[in-house]
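Structural overview for review
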Amino acid sequence: MGKRLFAVMCSFILCGTLVFMGSGNGIAAQKGPNQPTIEQHISKSMVHNSQRPPNPRFSWGSPGPSSPVLNAGSARSAGMVQKSLNKIDDAVQQGIANKIMPGAVVLVARRGRVVKHDAYGYAYLYADTNYTKVDQPIKMQEDTIFDLASLTKVFTATAIMQLYEEGKLDLDDPVARYIPEFAQNGKSAVTVLQLLTHTSGFRPWVPLYQMADNREEAYQIVFSYPLRYEPGTHYVYSDLNFITLGALVERISGKRLDQYIEENITGPLNMDDTMFNPPERLKDRIAATEYQPWTGRGLVWGEVHDENAWLMNGVSGHAGLFSTAHDLAIFAQMILNDGKYKGARILEPQTVAMIETNQLPDFPGDAHGLGWELGQGWYMDALAGPSTMGHTGFTGTSMVISPGNQAIAILLTNNVHPTREAPSTNPIRRKVARWTADAIPVAIPGEGKEKAWFSGYGSHVNRMLTAKVDLVDEAELSFDTWFRTENGYDLGYVEVSQDGAHWEKIANFTGSSGNWMNETLTLPAGTQYVRFRYDTDSIINGRGWYIHDVVISQADSHERTLEFANDGWQKRDY
């Protein structure tokens with residue numbers, strides 16, 4: 001392991017993230033790849049000044065012991081809230097009604113319990129881009145096989161890291177050490193790590209299927225292709241990076257990528273429905289994709305959708321793999337298990353820690369592990385956090401893994417059926433992640449009898465929780481608070497007013513509070529109203545803002561609780 005990577009990994013293990021704006025207080029929430037004991041969870045959660053234990057459920061950030069093998073389970077057994085999971089159904093059905101996709105499969109798991117695995121709509125419905133319905137449509141099933149598109153990349157990255165573990169490559173090695181012809185056109189210094197993190201300088205894509213006649217020619221075009229940027233200076237997501245990584249696996253192992261992945265990843269994990277180039281006999285189980293007259297293929301169904309992967313005989317490092325939600329959940333659980341599943345060791349624990357570590361601290365907003373995206377709210381939404389891993393695929397697939405919550409959210413759709421011009425699946429991706437996150441309860445302080453105020457979710461919301469206080473003299477406002485918001489974009493404000501029309505901010509919160517924290521603020525003399533105001537921008541939501549046990553105290557009077565007028569907030573015990 002290079003010294004720089006080791007330092008980054010150690011930093012990840014020892015450090016957490018919190019952003020708090022307002023009174024100047026700060027908390028560092030430590031995280032690591034190993035799950036603490038239940039006793040440690042409880043100890044870490046008792047942070048507010050009363051030292052009251054949280055609700056004993058397996059709450060947010062404290063999943064408790066997890067089964068290393070996936071089994072069907074109830075929401076309760078996973079420490080989740082069923083009514084939040086039920087909202088996923090409405091989101092997906094609405095997406096189908098809006099023709100975002102003909103169908104979908106959703107799988108949600110936590111603590112090794114699969115709490116949701118449902119199919120919606122159709123796997124095969126249209127004959128052409130005019131949305132002409134076929135005579136015999138095929139309904140989506142839980143075991144429908146999907147073209148994963150760019151989710152293939154995380155399998156290619158896993159193969160690279162296996163070769164790394166075997167000492168057959170180092171991440172700081174130049175790619176040209178193993179593929180000499182890659183050194184052409186200023187690429188001699190591009191490293192394996194830069195390919196894995198999309199910082200090589202490659203452009204996003206080139207139409208290899210129009211430029212080459214076969215797989216080998218496609219490789220040679222990529223190897224000779226010039227860079228758009230100096231290596232290491234820009235983050236640009238590029239298929240060319242992973243086409244090259246697939247070639248690297250082949251050069252070093254001596255096996256074609258599909259053979260290597262089957263023998264070293266999907267085979268040992270018994271992912272029997274995961275493969276490149278599925279056989280014809282499985283066609284009725286496969287979700288149809290796009291009608292492509294420009295490739296001469298007509299409706300693409302049962303073979304890879306991506307044109308470049310199609311040219312490469314269906315096998316490439318950037319696309320080509322097919323799988324089911326169940327198989328992907330096994331792969332995700334292997335990651336949560338520090339690289340092992342049912343006796344099959346795919347990666348070493350220290351390698352998984354490297355994969356989960358942000359390798360791009362100098363590129364804010366583009367956090368990236370080794371082949372995995374980290375904390376990307378545009379599809380992870382309320383599940384997003386510094387250690388949340390995931391990836392998406394162009395066909396409408398996505399997978400999100402939350403190590404801190406031992407949670408998995410998988411959404412597989414055939415969004416490109418019958419055309420890639422369909423609306424984006426990102427709103428559905430966010431809602432699946434949001435309601436998965438919402439189903440993981442926040443442990444409310446106290447004995448569980450008193451509910452907390454919760455801000456809720458939404459784009460461009462401006463929700464107020466207002467109380468009349470009628471102060472003559474200065475007083476102190478104290479409250480417990482917990483928040484996970486989109487850092488710098490979704491904010492919680494505490495404001496005061498003397499007339500109910502003009503308001504002054506006395507504190508604001510954004511980012512993550514870590515655990516519950518107790519906050520005390522000074523209310524100026526003459527304050528007549530106090531309010532908590534939640535203000536969000538568009539699209540992305542965090543897990544929200546909670547307020548609990550709000551008390552006003554003055555030197556010459558007893559403490560008093562407040563009665564609130566509520567505009568959009570809700571009372572919750574989770």
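What you see is a predicted model; the values in this text were computed from it and never measured. (Residues numbered from 1 in each chain as written. Predicted model: local features only at pLDDT ≥ 70, side-chain atom pairs only at ≥ 80, totals over all residues. Heavy atoms only, no water.)

Aromatic ring pairs are defined here through the distance separating the ring centres and the angle between the ring planes. Taken as a whole and judged by the stated rule, the model has 24 aromatic pairs. Taking 4.0 Å as the distance between ring centres and 20° as the angle between the ring planes, the aromatic pair formed by Tyr 124 and Trp 301 counts as stacked. Of the two residues, Tyr 124 sits in strand β3 (residues 113–126) while Trp 301 sits in the loop between β8 (298–299) and α10 (307–311), which places them 177 residues apart along the sequence. Look at Tyr 124 and you get buried, because its relative accessible area is 15%. When the centroid spacing of 5.4 Å and the interplanar angle of 75° are considered together, the rings of Phe 454 and Tyr 457 count as edge-to-face. For Tyr 457, a relative accessible area of 11% puts it in the buried group. The ring of Phe 58 has Arg 111 sitting right over it, with the charged end atom 3.7 Å from the ring centre. Its guanidinium or amino end placed over the ring of Trp 503, Arg 531 lies 4.0 Å from that ring's centre, counting from NZ or CZ. (Phe/Tyr/Trp six-rings, centres within 6.5 Å; stacked < 30°, edge-to-face > 60°. Helix = DSSP H or I, 4+ residues; strand = E, 2+ residues; numbered from the N terminus. Buried < 20%, exposed > 50% of the residue type's maximum accessible area, 1.4 Å probe, protein only. Lys NZ or Arg CZ within 6 Å of the ring centre and 35° of its normal.)

Attention now goes to the packing of helix α7 (residues 215–224) against helix α8 (residues 239–253). Between α7 and α8, whose axes approach to 10 Å, the crossing angle comes to 115°. For the pair α7 and α8, the sense of crossing is left-handed. In this structure, α7 contributes Arg 215, Tyr 219, Gln 220, Val 222 and Phe 223 to the contact, and α8 contributes Leu 240, Ile 243, Thr 244, Gly 246, Ala 247, Glu 250 and Arg 251. Its residues assigned to classes, the contact of α7 with α8 shows six nonpolar, three polar and three charged. (Axes fitted to C-alpha atoms, helices over the stretch in contact; angles between N-to-C directions. Left-handed = near helix turned anticlockwise from the far one by under 90°. Contact = heavy atoms within 4.5 Å. Nonpolar A, V, L, I, M, F, W, Y, C, P; charged D, E, K, R; others polar.)

Okay, the environment of Glu 486 next. Following the sequence through the fold, Glu 486 ends up in the loop between β18 (475–484) and β19 (491–497). Taking relative accessible area as the criterion, Glu 486 reaches 18% and is therefore assigned buried. Distance in space between the C-alpha atoms of Glu 486 and Gly 544 is 8.9 Å, their sequence separation being 58 residues. In this structure, Glu 486 is in contact with Thr 510, Asp 537, Ile 540 and Gly 542, ignoring residues within four places of it in sequence.

Right, let's talk about helix α14 (residues 426–438) for a bit. Between the first and last C-alpha of α14 there are 18 Å, a value that for 13 residues agrees with the 18 Å anticipated at 1.5 Å per step. Burial within α14 is extensive, with 11 of its 13 residues counted as buried. Those residues of α14 that sit buried are Asn 426, Ile 428, Arg 429, Arg 430, Val 432, Ala 433, Arg 434, Trp 435, Thr 436, Ala 437 and Asp 438. (Expected span 1.5 Å × (residues − 1).)

Structurally, the position occupied by Tyr 225 is in the loop between α7 and α8. Residue contacts for Tyr 225: discarding those within four places in its chain leaves Asn 185, Lys 187, Phe 202, Arg 203, Val 206 and Met 211.

Moving on: a positive patch on the surface. Judged by side-chain charge, Lys 83, Lys 87, Lys 451 and Lys 571 come together as a positively charged surface patch. By relative accessible area, which is 41% here, Lys 451 ends up partly exposed. (Patch = residues over 30% accessible without salt bridge, like charges linked within 9 Å, V, L, I, M, F, W, Y side chains within 5 Å. Areas by Shrake-Rupley, 256 points an atom, 1.4 Å probe, with all protein chains shown as cover. Salt bridge = Lys/Arg side-chain N within 4 Å of Asp/Glu carboxyl O. Lys, Arg positive; Asp, Glu negative; His and termini not counted. Charge placed at Lys NZ, Arg CZ, Asp CG, Glu CD.)

Counting 86 residues, the largest nonpolar core has Phe 155, Met 161, Leu 171, Leu 196, Leu 269, Phe 331 and Met 399 as the members making the most contacts within it. The greatest single-element share of this core, amounting to nine residues, is contributed by helix α11 (residues 325–336). Once residues within four sequence positions are removed from consideration, Met 161 is found in contact with Leu 171, Leu 196, Leu 347, Thr 351, Met 354, Ile 355 and Leu 370. Among the nonpolar cores identified, the runner-up in size contains 38 residues, and Ile 96, Ile 100, Met 380 and Tyr 546 belong to it. (Core = buried A, V, L, I, M, F, W, Y, C linked by side-chain atoms within 4.5 Å.)

One open sheet holds the three strands; their spatial order is β5-β9-β6, and the pairing between them is antiparallel. The sheet is open, and its two edges are formed by β5 (146–147) and β6 (275–276), each paired on a single side. Summarising the sheet, β5 and strand β9 (residues 321–323) pair through two bridges and their orientation is antiparallel. For Asp 147, the partnering residue across the bridge sits in β9 and is Phe 322. (Pairing = 2+ DSSP bridges.)

The element strand β15 (residues 407–413) is extensively covered by neighbouring structure, given that seven of its seven residues are classed as buried. The alternating pattern of β15 places Ala 407, Ala 409, Leu 411 and Thr 413 on one face and Ile 408, Ile 410 and Leu 412 on the opposite face, and all of these are buried. Of the pairings in the sheet, the one linking strand β2 (residues 103–110) to β15 comprises seven bridges and is antiparallel in character. Residue pairing across strands places Val 108 opposite Ala 409, the latter belonging to β15. Direction of pairing for strand β14 (residues 397–402) relative to β15: antiparallel, over a ladder of six bridges. Counted as the bridge partner of Met 399 is Ile 410 from β15.

Turning our attention to the environment of Met 380. Along the polypeptide, Met 380 turns up in helix α13 (residues 377–380). Residue Met 380 is classed as buried on the basis of its relative accessible area of 0%. Considered as a pair, Met 380 and Ser 398 are 18 residues apart in the sequence and their alpha carbons are 9.3 Å apart. If we ignore the near neighbours within four places in the chain, the residues touching Met 380 are Glu 373, Leu 374, Gly 375, Thr 388, Met 389, Gly 390, Val 400 and Ala 433.

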